[in-house]
Amino acid sequence: MSGLGGRTGWPTLGIAWLALSCGQPQVGVTPASEQRQWWRDGVCYEVFVRSFADADGDGIGDLRGLTSRLDYINDGNPQSSTDLGANCIWLMPIDKSMSYHGYDVVDYYHVDPRYGTDDDFRNLVAEAHKRGIHVIVDFVPNHSGSQNPWFQAALRDPGSPYRDWYRWSKTLPAQKGPWGQEAWHKSPIRDEYYYGVFWHEMPDLNYQNPSVRVEMQKVLTYWLKEMHADGFRFDAIPYLVEEGEHLQHSRGTHDVLRQLGNAIRAESPESFTVGEMSDESPEVMATYYPDQLDSYFAFAVARATMHAAQTGDAGGFFTAVAQANANFPSGRWSPFLTNHDQPRAMTVLGDAAKARVAASAMLMLPGTPFVYYGEEIGMVGPKPDELIRTPMQWGSAPNGGFTTGTPWEPLQADWKTKNVAAQDSSRRSLLNHYRRLIQLRNAHPALNSGSLTLLKTDDTTGTIGAWLRYSRDEAFLIVVNFGPRHGRVITETVPPGSLPGGGLSRIESAYADPDHACVGGGLFNNGFGGNGLVLLINSVEAHGFCARRLSSR
């Protein structure tokens, strides 16, 4: 590796070094508030309302049920260790819709009655704000549901003012969808076809019609002003505008996102927008910056994190993180592990140690991380999608404490032993690991909004990696061993700009998982003609993680 040359024996070289404090993990003090967007500092928790908590016993989760469980997400006390500490929740679609998942919207202006009322949502937001939680809602701009009055008018009356809100053809086009699927669907009314990239029950809106843009901007303004939402997760953004054979990532799509993003920021400067753009190419992702949405999910980083945790091969992880760090604006990409469309993390990894190291790596990255509900207790769920979105497992009471009725979907088979109550008091539980990681992140600007520098190391196994997160006054060395064997790490020379100003006076263990994941080592002057410092960890445990704090005071 660069600057290392396979050198060994660092502790016996007689060069100056700072010994590492190996005491109990120290979370530190919550930093003073800054005048900046809230989303640059926090963690967001993805909730499927239907599956989170049922307040009325009908077997379907609802807004009142979610409100009753807010303290689990964040109880409003920065010193608390019994909540997750997330400062944001993303609600999957709660608009009135046709199906259980909500991505076929019938009415963009009202809450689905199965989840409660508009006032229930406003109350949820008010209670969330008391706890320092911001609420963002799923916005489905690409398509409506086929039962939406707009589409029904367009379908039944060619002279309707809504006709041009959708795309029509008198003959079946030869054109396929962006991934080779059938995207033109036969009208049930007359001999014609309409465009729906995902499904015949989800006809695409026509954003080349200015009226559609005006209406969707009106929808967004309504949720900000009348419903008091704090922002939006934009669904399926690459497909908004088709330009000939250009069916995704078109210039028109970027224009629409720019227009809607600017309108949201003008109406609510403190709002947050995050887009679902699952193309893993960093070059394609970069075209969605700088003036469209605030952030985008980092799908390439998510896939690479899961692959590293599953196989022990860290190479792809560090490549993906390096590309994101180099190509996207600082703090404006969102890491995650899996979401509501993918098999759950524990199903893929199948091992608690692997799940822990995946969470450790993800939550120590910059940007706004997202945690899918139940991920923090190791809930499982394979395809089909209904099995990825099963009810939250709260305890060992009937139906896992989710409902007093019959749940809309059966709970996973392990709910009696894998639930919040069973993990709540266990220091070694996955739940408490997530809590400590998020609390550590919340407490330090270097971790929640600081910069990132990846470090080359002398690790030859390809399983261990290290990086620095740093701000003006402190830095953290993050070491992750994705593999099944112990190892040792010496880093390359640390760039001076990655270390706190004023010189180093203290190095300490901030958190380690397991408790002795990283043993010994320190920070050394480069004794081989270099002008910087190198970091040494004598032993890194298999599937181990540690965060070591470097401070100037």
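Please refer to the structure higher up on the page.
Residues numbered from 1 in each chain as written. Predicted model: local features only at pLDDT ≥ 70, side-chain atom pairs only at ≥ 80, totals over all residues. Heavy atoms only, no water.

**Describing the environment of E226**
Mapped onto the fold, E226 is located in the loop between α6 (210-225) and β10 (231-234). Assessed through its relative accessible area of 39%, E226 is described here as partly exposed. Along the chain, E226 and R122 lie 104 residues apart, while their C-alpha atoms are 8.6 Å from each other. Among all residues touching E226, those that are not within four sequence positions of it are R122 and T221. (Helix = DSSP H or I, 4+ residues; strand = E, 2+ residues; numbered from the N terminus. Buried < 20%, exposed > 50% of the residue type's maximum accessible area, 1.4 Å probe, protein only. Contact = heavy atoms within 4.5 Å.)

**With respect to the pairing of strand β16 (residues 464-470)**
Most of β16 is tucked away, with seven of its seven residues classed as buried. Of the two faces of β16, the one lined by I464, A466, L468 and Y470 and the one lined by G465, W467 and R469 are each fully buried. Looking at chain direction, strand β15 (residues 451-455) and β16 are connected through five bridges and run antiparallel. By the bridge assignment for β16, L452 is matched with R469. (Pairing = 2+ DSSP bridges.)

**With respect to the packing of α6 against helix α7 (residues 251-267)**
Put simply, α6 and α7 touch, their axes get as near as 10 Å, and they point 30 degrees apart. One element, α6, and the other, α7, form an angle in the roughly parallel class. The crossing of α6 and α7 is right-handed. On α7, the residues touching R213, M216, Q217, L220, T221, L224 and K225 of α6 are D255, V256, Q259, L260, A263, I264 and E267. (Axes fitted to C-alpha atoms, helices over the stretch in contact; angles between N-to-C directions. Parallel < 35°, antiparallel > 145°, perpendicular 65-115°, else oblique. Left-handed = near helix turned anticlockwise from the far one by under 90°.)

**Here we look at the nonpolar core**
For soluble globular proteins, nonpolar side chains are generally found buried alongside one another. Judged by nonpolar contacts, the single largest core of 139 residues is most densely connected at Y45, Y72, L91, F121 and W223. Sequence-distant contacts of Y72, that is, excluding residues within four places in its chain, are made with Y45, F52, D83, L84, E376, I377, M392, W394, V420, L431 and R435. With 22 residues, the next largest nonpolar core counts I464, A466, L468 and V489 among its residues. (Core = buried A, V, L, I, M, F, W, Y, C linked by side-chain atoms within 4.5 Å.)

**Structural notes on helix α5 (residues 149-156)**
Every buried residue of α5 is accounted for by W150, F151, Q152, A154 and L155. Considering only its buried residues, α5 is in contact with β5 (105-111), β7 (168-169), β9 (193-195) and α6.

**Some remarks on the pattern of salt bridges**
Here the structure, examined in full by the defined rule, presents 30 salt bridges. Put simply, D191 and K186 hold a salt bridge, and the shortest N to O gap is 3.8 Å. Here D191 falls in the exposed class, since its relative accessible area comes to 58%. The residue R233 makes a salt bridge to D235 at a minimum N-O spacing of 2.9 Å. Summarising the burial analysis for this pair, R233 and D235 share the class buried. Among the charged side chains, a salt-bridge network with shared partners connects D71, E127, K130 and R131. (Salt bridge = Lys/Arg side-chain N within 4 Å of Asp/Glu carboxyl O.)

**Brief notes about the packing of helix α12 (residues 352-363) against helix α15 (residues 430-443)**
In contact at an axis separation of 10 Å, α12 and α15 are set at 15 degrees when each is read in the N-to-C sense. In terms of orientation, α12 lies roughly parallel with respect to α15. α15 is crossed by α12, and the crossing has right-handed handedness. Contacts from A355, R356, A359, S360 and L363 in α12 reach L430, H433, Y434, R436, L437, I438 and R441 in α15. Residues of the contact of α12 with α15, tallied by class, amount to seven nonpolar, two polar and three charged. (Nonpolar A, V, L, I, M, F, W, Y, C, P; charged D, E, K, R; others polar.)

**Some remarks on empty space enclosed by the protein**
Following the criterion strictly, the structure yields five cavities of 30 Å³ or more and no others. A volume near 90 Å³ is recorded for the largest cavity. For the lining of the largest cavity, the residue count by class is nine nonpolar, two polar and two charged. (1 Å grid on protein atoms, 1.4 Å probe; cavity = no way out; pocket = protein on both sides within 12 Å on 5 of 7 lines; lining within 4 Å. Points joined across faces, edges and corners; volume = space filled by probe spheres on them.)

By themselves, these observations are geometric and do not establish any function.
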